[in-house]
Amino acid sequence: FTVTFLVFINQTTKFISFFMPALNQKTIKQNIELHGVGLHSGLNANLVIKPSEPNTGIVFKRIDIKNNNIVIPNIFNVSNALYCTTISNEHNVKISTIEHLMGALYGMGIDNAIIEIDNEEVPILDGSARVFVEAILESGIKSSDAPIKVIKIENKIDFCDGKKTISIEPSKISLDIDFELKYENDLIGNQRNLIRVYESDLTDIYNSRTFCLFEDIDRLKSMGLAKGGNLENAIVVKGKKVLNEEGLRNKKEFVNHKILDCMGDLYLTGYKIVGKLVCSQGGHKLTNQLLRKVFENDENFSLIEIQEKHLPHAFINKGHLKSIA
């Protein structure tokens, strides 16, 4: 499709102060090595995140497969969104449960990285993004001279599936995620939280773990899922009780984990987003369905290049508009 490049121009000092250190594309400084069990497969995997050059994006490589082993995170490469996000290439090579890692890369501002893995499923680790974030911080972040690109939502788009609803609409300076979940379980109940991805403290989001109801475990396992799940990598709720000894990490851990998942799924666009997303009772599939609808029409979005040298006071300077194929 045809996209439009615009110089991204800020309206407020606050927005400039956030983006000034983040205007150039970033990668990690050193290799990150992690290993662990896959939540659904129950299989161990070794994962290495490597630095990458500007404009290469996030790339997965299945090193246990010799040929056709590159899988690109992309909304149109999502082959399964049931209980996790799975991406596949044209040769049916898959990478599953990528959402927590992708959410960490998004929030930490990593634009380019090569992720090598020797199995199909990304390790679940502690069920959150905390280990990924800590590893990125320990590695350090390397900035380049290449400007970042951002997707700016131009039109309001919504999607619904029964009681599940999701929408995204234009926003001048941020990515807002307003997420609501509703459970009949008395402990989880109804939870809602709003974060501004580029401004809010994301600590609780990163730390929030995947969760399930105790009564759903047998059903998940009968579906061939949750083979690697345990109380070390998932919250299990039975009635009004959390079975994990440590309890919850924050008061809104359930909805905060959904926001983490949403961040990871949004990063399958390949870029940061400026827009406002509102979701009720959604998940991986609903987010992907919304994004596919957004990208059906290139009038719904603009792809914007942020250049530190050109930051006048208006938000968008139409005089700098140029189109490329």
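The preceding data block contains the structure.
Here the structure is a predicted model, which is why all the values come from computation and not from measurement.

Definitions and cut-offs
- Chains are numbered independently. Their residues run from 1 in the order of the written sequence.
- The model is predicted, so local features are restricted to residues of pLDDT at least 70 and side-chain atom pairs to those at 80 or more, both for listing and for counting; the totals for chains, interfaces and linings are taken over all residues.
- Excluding hydrogens and water, the side-chain figures rest on all heavy atoms present in the structure.
- Any Lys or Arg side-chain nitrogen found within 4 Å of a carboxyl oxygen on Asp or Glu counts as a salt bridge.
- Each residue's exposure class comes from its accessible area (1.4 Å probe, protein chains only) as a fraction of the maximum for that residue type: buried when under 20%, exposed when over 50%, partly exposed otherwise.
- In this description, the term disulfide denotes a pair of cysteine sulfurs within 2.5 Å.
- Between 30 and 60 degrees the pair is tilted, below 30 it is stacked and above 60 it is edge-to-face, where a pair is any two Phe, Tyr or Trp rings, Trp via its six-membered ring, whose centres lie within 6.5 Å.
- Strands are runs of DSSP state E lasting at least two residues, helices are runs of H or I lasting at least four, and both sets are numbered from the N terminus onward.

Asker: Hey, could you go over the pattern of salt bridges for me, with residue numbers and the actual values?
Answerer: Tallying each qualifying case throughout the model produces 14 salt bridges. Ionic pairing is found between aspartate 64 and arginine 62, a salt bridge with its closest N-O pair at 2.8 Å. Note that glutamate 154 is salt-bridged to lysine 152, the shortest N-O span being 3.3 Å. According to the relative accessible area criterion, lysine 152 is buried, its value standing at 10%.

Asker: With reference to specific residues and values, describe the state of the cysteines.
Answerer: Taken as a whole, this structure holds 0 disulfides when the rule is applied. No disulfide involves cysteine 279; its nearest neighbouring cysteine sulfur is the one of cysteine 262, lying 6.4 Å away.

Asker: Now, about the packing of aromatic side chains: what can you tell me, with residues and values included?
Answerer: Counted according to the given criterion, the structure contains 4 aromatic pairs. Taken together, a centroid distance of 5.0 Å and an interplanar angle of 50° make the contact between tyrosine 106 and tyrosine 267 tilted. Pair noted here: tyrosine 106 is in helix 2 (residues 99-107) and tyrosine 267 is in the loop between helix 6 (253-266) and strand 20 (272-280), with a separation of 161 residues, a long-range link. By relative accessible area, tyrosine 267 is classed as buried at 3%. Their ring planes at 80° and their centres at 5.0 Å tell us that phenylalanine 211 and phenylalanine 254 sit as a pair that is edge-to-face. Highlighted residues: phenylalanine 211 in strand 17 (residues 211-213) and phenylalanine 254 in helix 6, separated in sequence by 43 residues. Residue phenylalanine 211 shares its accessibility class with phenylalanine 254, and that shared class is buried. Within the aromatic cluster, the residues linked to one another by ring pairs are Tyr183, Phe211 and Phe254.

Geometry only, nothing functional implied.
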